[in-house]
Amino acid sequence: MTAYYRKLCFLIAGVYASFFCFQNLAIADSYSKPLAGIGIEDKLDFHIGKNVFQKLWVPSPSSTTASDGLGPLFNTRSCNNCHINNGRGHAPEENVSGVSVPSFLIRLGKSYPASYTPPKNIYPHIGDEHYGHQFQGQSSPGIQPEGDYYLTYDTHIETLKDNTKVELRSPNLHWHTLNYGNFEKSTRFTMLTSPALIGMGLLGNIPAKDIIAKADPDDSNNDGISGRVSWIKNGDNILVGRFGYKASMPTVSAQNQSAFNTDLGLSTPLNPSPYGDCTEFQRDCLESPTGNSPHLDNLEVDKQQTRLVDLFVSLSSPPAMRNLSNKTFLEGKRFFDDGGCASCHTPKMKTGSSSEFSILNNRTFYPFTDMLLHDMGPALASGFPSFSASPAEWRTAPLWGIGLSKKVSGRVSFLHDGRAQTIEEAILWHGGEANQSKEFYKNLNKEQREKLIYFLESL
């Protein structure tokens, strides 16, 4: 081969490599694009909010007051460390330090006997007196982190009708180090991976009456599905919970500010304590420097930064469904419908007409969730109740964009604690109200199951 043709081949190869590189980058950015039709000013703020979302915070005192205040106790240094490219997190591998995986969290709460009458406060099940609401394995210099942990996994085999064997794993939590004494005897633990943040503004603007109308807490139609609204007390008001695995947050801003305060230890307008989740037993934490600054509303994340992150999260668009005219997609959809999956994973929703952002008004969209709490059975139960959700109840997870999860985040796991490593495993963990749908899936043959998974991966 002449030098000319070799050069030409390398040039062509470079063009193809660049094409695939940009294609992969475009896929990785699938969860971080603004809604179509967004205005110029909102689009500018969207990208500024994305920068705040990706910003690495540092402990106080620092040479800059724009990014200091991290901690004193925290789980991660940026929002993007948990929600990589706005995507979902994953669980630690077996016997790996849990604090090395910032997208995996441990919430703390109480599990009281049925005969116990807790104190007359609103939500008595939340938190531990020594370790607070969430376990934080990282800390500012001079402050002890709360400790370290690791997971092991039990496995069992689920056998499908055609004798296909699927191995399922469930996590066991082990404490390696506890730096602030023992937990209270009544403290229990719920393990969570960070969820994807796409379409949050759309979900936040579904009229409350539409969510309430879908509820059937007493299963009055006898279909085995009894979805409940998650009710959240906010001062003198009772709001519909929408966000989080237990639908424990009523708005995008409440969800974001809770994460800033608990995951990063930063003060916000709704959570003004610069000490995050520090407890009275963690004196060094409570006496450490803070990043509260007069020019930032005497906060670390001021109103402007909060607004920008809220806008970025609210206006992040879910990716469009793919393969809609493909025969396999249509056949997979039929299995989805026949299996009763749409009873909870409601395909279509519509926003109201009074959103803070006009782009969100009167939009029809396809999240595949009813926004309600459902009993998923004892195998998936959390360690304690959360607000109005019982241990076995979880908000129906939206399915949009699920097939792009691995390409967005690099690696992926499903369900609240990341135990499922594939969509099939996630289906086979369904119990409680979803048990009939699981059994339907188990009775499909291999080709039918692949068509259903193809449909789900195209959403």
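Quick look at the structure, then.

Cut-offs and rules
- Residues numbered from 1 in each chain as written.
- Predicted model: local features only at pLDDT ≥ 70, side-chain atom pairs only at ≥ 80, totals over all residues.
- Heavy atoms only, no water.
- Buried < 20%, exposed > 50% of the residue type's maximum accessible area, 1.4 Å probe, protein only.
- Helix = DSSP H or I, 4+ residues; strand = E, 2+ residues; numbered from the N terminus.
- Pairing = 2+ DSSP bridges.
- Salt bridge = Lys/Arg side-chain N within 4 Å of Asp/Glu carboxyl O.
- Contact = heavy atoms within 4.5 Å.

**Points about the pairing of strand β6 (residues 187–193)**
Link 1 in the chain: In terms of burial, β6 is largely enclosed, as 5 of its 7 residues are buried.
Link 2 in the chain: Judged from the 7 bridges that link them, strand β2 (residues 104–110) and β6 form a sheet pairing that is antiparallel. The residue of β6 that forms the bridge with L105 is L192.

**Considering the pattern of salt bridges**
Link 1 in the chain: Inspection of the entire model under this criterion finds 16 salt bridges.
Link 2 in the chain: For the salt bridge of K333 with D337, the shortest nitrogen-to-oxygen distance reads 2.8 Å. Residue K333 and its partner D337 are located together in helix α9 (residues 327–338), separated by 4 residues, close to a single helical turn.
Link 3 in the chain: Judged by its relative accessible area of 35%, D337 is partly exposed.
Link 4 in the chain: Between D417 and R419 there is a salt bridge, with the nearest N and O atoms lying 2.8 Å from each other. Both residues of the pair, D417 and R419, belong to the buried class.

**As for the environment of P391**
Link 1 in the chain: The topology assignment puts P391 in the loop between β11 (373–375) and β12 (393–395).
Link 2 in the chain: The partly exposed category is assigned to P391, whose relative accessible area is 26%.
Link 3 in the chain: Sequence separation of P391 and W231 is 160 residues, and the distance between their C-alpha atoms is 15 Å.
Link 4 in the chain: In this view, P391 contacts K246, L380, A381, S382, F384 and P385; residues no more than four positions away in its chain are not counted.

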